[in-house]
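The chain contents come next:
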Amino acid sequence: MRIYLSRPHMSGREEQRVAEAFASNFVAPLGPQLDAFEASVRDYLGADVYCVGLSSGSAALHLALRIAGVGPSDEVWISSMTFAGGIFPVNYLGASPRFFDLDPASWTLDTARLAEELAKASSENRLPKAIVPTDLYGQSADLVPLEALAEQYGVRLIVDSAESLGASYKNGRKAGTGGDAAILSFNGNKIITTSGGGMLVTRHKAWAEKANFLATQARDPAPHYEHSTYGYNYRLSNICAAIGLGQMEVLDIRVARRREIFARYKSALSRPGIAFMPEPEGLHTTRWLTALTIDPTETGVTREDIRLMLLEHKIEGRPLWKPMHMQPLYAGAPYHGAGVDERLFANGLCLPSGSDMTDEQQDEVIGRVLDLLDAKGN
Ligand SMILES: *Cc1c(COP(=O)(O)O)cnc(C)c1O
């Protein structure tokens, strides 16, 4: 591949931070760089939250759901259009997912539909234990109604902000500060990376303490190893946290570049039959990946035509997430929606969006897509 969807993009400051970590000899899942990385994310979020560095975003979601009390007889209500790591922890806990569609105006969880189903479930005494909306492609879910509904029905709200660190919701409130807890990911393809890693962000001190406890093998206070419950080995490596410290310094620059890439695609490729992911008034998305839909009847071209043509030139594109209610794994699971997510999957494509992509590389992608549209277009 010559042009990737989204690659790690180092700033040059990471190696010094890693050298400092080596000098401290904290080559371990604890240490000064990890403490500093957690503090740096908390400062960035600018909210009254606690941050716990973990080995992945999936691990963060697993811990959040467990701390929320999710177990085998419980339902978790969740955005169907998401990535595996944003749903599999529901399976780890033996709970059952109930899937929800997106609002076409934001491509985030349809809160009106959620409200209707919560009212119904409440009257039938079958409320979920937790709700998990996804900040799709870096756009914050609609936090005000979500938090109001969670409060009204006494349901835990855990926001999957894996793709939205650096985004903001209304009035400048940062993505990653929502609900009882939010999860972040620092996987290699995200806006910033620690090579692999994640974080639990929560406004509850007790949740942060519990997450720390469970992530370090659930060791009860005692000189020997004493366990009253089981835990996990989920803490973030201090070496990886050092990389994260260097990356946090350039987070806003990385987001600005991704937004610039989105804007260039949008201005070059907008034509009848092509639609870009909307950004509701007052929100500031990271544009982690540039996501668009191609209507084949209007353009004469399918999203697969474009993806395969790009692939021939060693340029990576990817269909939008396949909704989880369409996956064999979740066949038969309840789904509430109008198929907005199904249509996005059928016609949606992510274009190369890495912040290290050059203008020349982007111009090549744009040129090739335009050539195909002109050649096949009707
Ligand atoms: C990346 C991602 C995750 C999982 O993060 P990992 O760090 O890869 O475990 C979860 N949800 C969404 C929506 C993601 O994009």
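All values reported here derive from a predicted model rather than from experimental measurement. (Residues numbered from 1 in each chain as written. Predicted model: local features only at pLDDT ≥ 70, side-chain atom pairs only at ≥ 80, totals over all residues. Heavy atoms only, no water.)

(A) Representation of the UniProt feature "active site" (unreviewed entry) in the protein in the model. Within this structure's numbering, the places UniProt gives as "active site" (unreviewed entry) are K190. When you line up the elements, K190 lands in the loop between β8 (181–185) and β9 (198–202). Not counting residues up to four positions away in its chain, the partners in contact with K190 are S6, A162, E163, S185, R258 and W288. (UniProt positions renumbered as here; feature names shortened; annotations may be inferred. Helix = DSSP H or I, 4+ residues; strand = E, 2+ residues; numbered from the N terminus. Contact = heavy atoms within 4.5 Å.)

(B) Local environment of the side chain of T202. The residue T202 is located in strand β9 in this model. The class of T202 is buried, set by a relative accessible area of 1%. At 2.7 Å, the side chain of T202 forms a polar contact with the backbone oxygen of D180. Side-chain polar atoms of T202 contact the backbone nitrogen of H204, separated by 3.0 Å. Setting aside anything within four residues of it in sequence, one finds T202 in contact with V49, Y50, D180, A181, W207 and A208. (Buried < 20%, exposed > 50% of the residue type's maximum accessible area, 1.4 Å probe, protein only. Polar contact = N/O pair within 3.5 Å; in protein donor to acceptor, adjacent residues only side chain to side chain.)

(C) Region of interest: the UniProt feature "modified residue: N6-(pyridoxal phosphate)lysine" (unreviewed entry) in the protein. Under the UniProt annotation, the feature "modified residue: N6-(pyridoxal phosphate)lysine" (unreviewed entry) is placed at K190. In this structure K190 comes out as buried when scored by relative accessible area, which is 9%.

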